[in-house]
Amino acid sequence: MRKRQVVLRREEPARSSTNSSPRVRYGECQKNHAASVGGYAVDGCREFMASAAEGTSGALTCAACGCHRNFHKREVEQTEVVSESTSPSSSNGA
């Protein structure tokens, strides 16, 4: 008896352009610099600015305050996509 090897390939749906994923923005720094002494003090950094190009280790460090990106508030910008079939002008019957 011969053994057969069967390979199944799953085709993934084509991904659309940049509208497929929500945009993420990093806001003010929330690192507590006085945690070691039992207090609470933030540095006042208002927005994350990468200190190096995307894809490098410096891309995760803020150029303004020196903190890691995880200390900055993550804000997800939701984009709404409206299809042509649900547009208000077509449903009015005008």
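Heads up: these notes are all about the structure in this document.

As for the overall build of the protein chain
Right, on to step 1. Along the protein chain, the regular secondary structure elements total 1 helix and 2 strands.
Right, on to step 2. From first element to last, N terminus to C terminus, the protein chain shows the α and β order β-β-α.
Right, on to step 3. Within the protein chain, contacts between residues at least 6 apart in sequence are counted, and of these 41% link residues at least 24 apart.
Right, on to step 4. If you sum the accessible surface of the protein chain, you get close to 8600 Å²; carbon and sulfur atoms cover 48% of it.

Section: the nonpolar core
Right, on to step 1. In this structure, Y26, C29, C45, F48, C62 and C67 together form the largest nonpolar core, which totals 6 residues.
Right, on to step 2. Contact partners of C29, with chain neighbours within four places excluded, come to V42, D43, C45, C65, C67, F71 and H72.

Considering the environment of V42
Right, on to step 1. Within the fold, V42 resides in the loop between strand 1 (23-29) and strand 2 (72-77).
Right, on to step 2. Between the C-alpha atom of V42 and that of C29, which follows or precedes it by 13 residues, the distance is 7.3 Å.
Right, on to step 3. If sequence neighbours within four positions are ignored, V42 has contacts with C29, Q30, K31 and H33.

What to know about the side chain of H72
Right, on to step 1. As for its placement among the helices and strands, H72 is situated in strand 2.
Right, on to step 2. A relative accessible area of 3% places H72 in the buried class.
Right, on to step 3. In this structure the side chain of H72 is engaged in a polar contact, spanning 2.9 Å, whose partner is the backbone oxygen of G27.
Right, on to step 4. The residues contacting H72, other than those within four sequence positions of it, are Y26, G27, E28, C29, C45, E47, F48, C62, C65 and C67.

Comments concerning the state of the cysteines
Right, on to step 1. The tally for this structure, following the rule as stated, stands at 0 disulfides.
Right, on to step 2. With no disulfide of its own, C45 has C62 as its nearest cysteine by sulfur position, at a separation of 3.8 Å.

So, the environment of S21
Right, on to step 1. For S21, the location among the structural elements is in the segment before strand 1.
Right, on to step 2. Spatially, the C-alpha atoms of S21 and E77 are 9.7 Å apart, while their sequence positions differ by 56 residues.

Reading the values: rules and limits
Residues numbered from 1 in each chain as written. Predicted model: local features only at pLDDT ≥ 70, side-chain atom pairs only at ≥ 80, totals over all residues. Heavy atoms only, no water. Helix = DSSP H or I, 4+ residues; strand = E, 2+ residues; numbered from the N terminus. Contact = heavy atoms within 4.5 Å. Areas by Shrake-Rupley, 256 points an atom, 1.4 Å probe, with all protein chains shown as cover. Core = buried A, V, L, I, M, F, W, Y, C linked by side-chain atoms within 4.5 Å. Buried < 20%, exposed > 50% of the residue type's maximum accessible area, 1.4 Å probe, protein only. Polar contact = N/O pair within 3.5 Å; in protein donor to acceptor, adjacent residues only side chain to side chain. Disulfide = S-S within 2.5 Å.

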